[in-house]
Amino acid sequence: MALGPKESGQLIAKLAEHVKIKREGIEKLGKQLLLELESNSLSSQNFSQHEIHPKPIDPWAIDWIFLVDTLNFCFWKLENHAGWTVEGYTGYFGLCAAIKRAQKEGVDIINPRFYSTITEEKLANVLRSDNEHKVPLLEKRVKCLHEVGKILLEKYNDYRIPQSLIYFGAMEYSEDLKNILEANILLQNGSEMENGIYPHAFCNICQRVELDWDSIALILFVILNIYFFVKAALALFDLSYLPFIGHYKFDHLHHNGLKKLEKFGPVVRENIVPGVNIVWLFKPEDIQRMYQHEGKYPLRRSHLALEKYRLDKPDVYNTGGLLPTNGPEWFRIRSVFQKGLSNLTSVRNFLPMSEPIIQEWIEYLHDIHTTEDLDYLPALSRLFLELTCITALDMRLYCFSESELKPRSRSSKLMRATLTTNSCILRTDNGPQLWHKFDTPLYKKMKRSQEYMEQVAVDLLSQKMTFFDDSERENRTISLLESYLSSPELDLRDIVGMAADFLLAGIDTATYSSSFLLYHLAKNPEAQQNLYEESYKLLSEKNSPVTNNTLANCHYARAVLKESFRLNPISVGTGRILDSDAVFSGYQVPKGTVVVSQNQISCRLEEYFENPETFSPERWLRKHEKYKRVHPFLVLPFGHGPRSCIARRLAEQNILALVLKIVRNFEIGWNGEALDCKSLLINKPDKPVTLTFKCRN
């Protein structure tokens with residue numbers, strides 16, 4: 001059902017996050033308009049005094065207004081740049097000058113019959129500039145003209161005023177005329193019925209409100225300006241993502257991707273944010289080619305609001321951090337931070353630090369597993385927060401202690417802060433970029449969360465530095481923080497950013513990945529039994545520690561992890577900004593374009609996997625009959641290349657150790673609905689993680 005103007009306005013106002021309608025402001029504006037009209041400060045004479053405006057007596061003035069208001073949006077230019085110019089005018093007046101020029105050249109530009117089918121080439125000629133700068137958003141303007149022209153021709157076509165008068169009871173049709181109109185019979189131009197439709201009633205209205213024709217024309221002009229400005233502004237954004245109306249949802253990117261693949265094919269261009277083209281890739285060959293065109297310093301468009309927050313605080317941060325920073329500065333901090341994480345031997349050194357914490361969590365699980373309908377997501381978050389702190393900061397928060405389990409504890413608030421920040425990233429990246437100009441509600445929400453994470457990071461760093469002694473490093477495994485503090489290539493502001501990044505990226509990603517893995521094991525008893533048998537061989541007792549030897553021989557556990565990542569990866573895919581022109585499935589894509597892989601969708605296609613919706617770890621075991629070689633660029637949960645996840649090996653190590661110990665101690669079940677994911681940049685379970693745990697004999 002289509003909504004009327006009033007209902008549409010109410011819906012948009014209700015859903016608007018960054019805009020609020022102020023009744024007192026509307027009343028103030030109305031009074032001001034009346035004062036201006038009464039004093040003749042606002043009149044059609046004033047409007048028509050400009051040489052490029054039409055005169056009130058011009059019979060085509062209303063058509064001119066419709067055209068101008070359709071095209072009058074977003075004539076931006078950089079400061080100190082000439083920008084798009086027509087006969088010396090810019091912006092709105094440049095548009096008016098272009099239309100006047102086209103009329104002089106004999107172009108029927110104000111006729112909706114002409115512009116409802118106008119081509120991009122013809123409009124580009126009408127709006128050609130005095131200089132080399134082209135009019136912005138030409139494609140959007142053509143789209144707006146087609147839509148407005150079509151509506152004017154098909155629905156209104158000179159009957160806008162009488163339709164309104166009939167609706168408000170200011171006029172009525174004779175039975176004969178009503179029957180003709182209801183039968184959709186076209187009235188002949190100039191006939192008695194057509195000429196008599198509205199003049200008398202409309203004149204009576206003008207007399208009743210005691211306004212002259214010029215004032216009526218001006219009011220209509222103002223109303224049309226507001227209407228078409230809103231319409232044009234909405235045209236700039238992809239309404240496909242508008243809540244309740246659009247058929248795409250920002251929090252279900254994998255469903256969006258499948259719809260696009262089925263409708264458009266393996267290469268899809270989309271313009272969600274004005275001026276930013278995004279190309280979605282589904283074929284693994286194209287995904288591989290994307291990485292081949294990422295350049296020396298792989299660029300990405302992500303965490304933009306987070307970058308602004310940090311760069312606005314140069315006393316605390318040197319950069320925006322690893323996640324949003326690009327170019328040589330990204331390479332500088334990445335080169336230092338990846339030390340201790342880049343090879344398997346270095347990561348294995350952290351196992352003696354993390355294994356006792358995992359065992360401590362298993363004991364905590366023994367205490368809570370009898371609670372009915374418990375959502376285990378917070379419990380898993382506590383585990384990975386503790387693991388992140390001990391590995392990156394060499395500090396314990398004791399997240400499973402009675403005091404820390406309280407809602408207002410440091411660990412509880414830190415978990416909420418990371419969730420809030422990650423929930424804001426996608427919407428600030430792909431929604432209206434108003435946070436560049438002022439603190440929007442969504443930006444404030446992210447800012448408050450970041451301020452708390454920053455406070456905790458600085459506090460933990462201060463504690464560590466108080467007791468830091470570089471001379472005591474011999475004969476023991478040093479923490480990541482210790483290696484950073486002793487590095488001459490970093491200063492304290494770099495390390496504060498690192499600590500905040502580890503907290504932001506290390507908690508939720510591992511928590512959600514573990515949740516999906518445990519869900520798949522719960523729903524697939526045969527796979528769970530196979531994993532239990534492997535864990536029984538590797539861990540002789542329930543509390544046996546996971547060692548380097550354990551991880552070197554847990555082949556089925558690794559297959560389980562990879563299969564879980566196939567079905568539920570960390571994110572829908574990976575984004576890059578092309579460093580050079582590239583060709584994807586025959587389509588030329590220019591340098592500088594944002595390209596995003598759609599691995600999550602591709603990994604569930606029969607084209608690449610047999611029974612793609614089935615959880616089958618055996619497909620990854622080389623000696624098993626189900627094993628088949630697949631394209632190496634399909635399952636890439638941590639990305640690929642120099643900009644892949646910096647803590648990939650550490651995350652996999654922690655998840656493997658956890659799942660081996662859980663399955664060794666408990667039989668896992670599921671007590672909820674089918675689990676899907678919700679896109680918060682990273683994939684989060686869309687329902688409570690209602691697992692069940694039964695102690696094994």
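Not measured: the values here are computed from a predicted model.

Structurally, Tyr512 can be placed in helix α25 (residues 508-523). The exposure class of Tyr512 is buried, given its relative accessible area of 4%. Taking C-alpha positions, Tyr512 is 9.3 Å from Cys677, a pair spaced 165 residues apart along the chain. When sequence neighbours within four positions are dropped, the list of residues in contact with Tyr512 reads Leu377, Leu419, Ile682, Asn683, Lys684 and Pro685.

Of all hydrophobic cores here, the largest spans 111 residues; its most connected members are Trp361, Leu383, Leu385, Tyr484, Leu521, Ile668 and Leu691. Sequence-distant contacts of Trp361, that is, excluding residues within four places in its chain, are made with Ala379, Leu380, Leu383, Phe400, Leu658 and Ile662. Membership of the second largest hydrophobic core comes to 29 residues, among which are Trp64, Phe75, Ala98 and Leu138.

If you trace the backbone, Glu404 turns up in the loop between α20 (377-393) and α21 (410-430). Among buried charged residues, Glu404 stands out as having no salt bridge; its nearest opposite-charge side chain is Arg382, 5.1 Å away.

Covered by surrounding structure in strand β6 (residues 594-597) are Val594 and Val596 together with Val595 and Ser597, the residues of both alternating faces. Pairing of strand β3 (residues 575-577) with β6, which is carried by three bridges, proceeds in the antiparallel orientation. Within β6, the position partnered with Ile577 by the bridge is Val594.

All right, on to helix α15 (residues 284-292) then. All of the buried residues in α15 are Pro284, Asp286, Ile287, Met290 and Tyr291. Mapping the buried residues of α15 onto a view down its axis gives an arc of 160°, with all of them on the same face. The inward-facing, buried residues of α15 abut β1 (267-273), β2 (276-281), β3, β4 (582-584), β6 and α29 (599-602).

Our focus in this paragraph is the sheet that holds β1. Spatial ordering of the open sheet is given by β1-β2-β6-β3, a layout of four strands whose pairing is mixed. Each edge of the open sheet is held by one strand with a lone partner, namely β1 and β3. Strand-to-strand twist across the sheet, computed as the mean angle between neighbouring axes with direction ignored, equals 30°.

Running from N to C, α20 and helix α30 (residues 648-665) cross one another at 130°; their axes reach a closest spacing of 12 Å. Relative to α30, the element α20 is oriented oblique. Along this stretch, α20 crosses α30, giving a crossing that reads as right-handed. The residues of α30 that touch α20, namely those facing Leu380, Leu383, Phe384, Leu387 and Thr391, are Leu650, Asn654, Ile655 and Leu658.

Attention shifts here to the pattern of salt bridges. Summed over the entire model, instances satisfying the criterion amount to 23 salt bridges. A salt bridge links Asp501 to Arg310; its shortest N-O distance comes to 2.8 Å. In this pair, Asp501 sits in helix α24 (residues 492-506) while Arg310 sits in helix α16 (residues 304-311), placing the two residues 191 residues apart along the sequence. A relative accessible area of 7% means that Asp501 is categorised as buried. Beyond isolated ion pairs, a larger network of salt bridges with shared partners links Glu329, Arg332 and Asp494.

Even without being glycine, Leu137 reaches a positive phi, approximately 55°. As for its position among the elements, Leu137 is in the loop between α7 (120-126) and α8 (138-156). Note on Leu137: relative accessible area 19%, which makes it buried.

Scoring rules and cut-offs
- Residues numbered from 1 in each chain as written.
- Predicted model: local features only at pLDDT ≥ 70, side-chain atom pairs only at ≥ 80, totals over all residues.
- Heavy atoms only, no water.
- Helix = DSSP H or I, 4+ residues; strand = E, 2+ residues; numbered from the N terminus.
- Buried < 20%, exposed > 50% of the residue type's maximum accessible area, 1.4 Å probe, protein only.
- Contact = heavy atoms within 4.5 Å.
- Core = buried A, V, L, I, M, F, W, Y, C linked by side-chain atoms within 4.5 Å.
- Lys, Arg positive; Asp, Glu negative; His and termini not counted.
- Salt bridge = Lys/Arg side-chain N within 4 Å of Asp/Glu carboxyl O.
- Pairing = 2+ DSSP bridges.
- Arc of directions from axis to C-beta.
- Axes fitted to C-alpha atoms, helices over the stretch in contact; angles between N-to-C directions.
- Parallel < 35°, antiparallel > 145°, perpendicular 65-115°, else oblique.
- Left-handed = near helix turned anticlockwise from the far one by under 90°.

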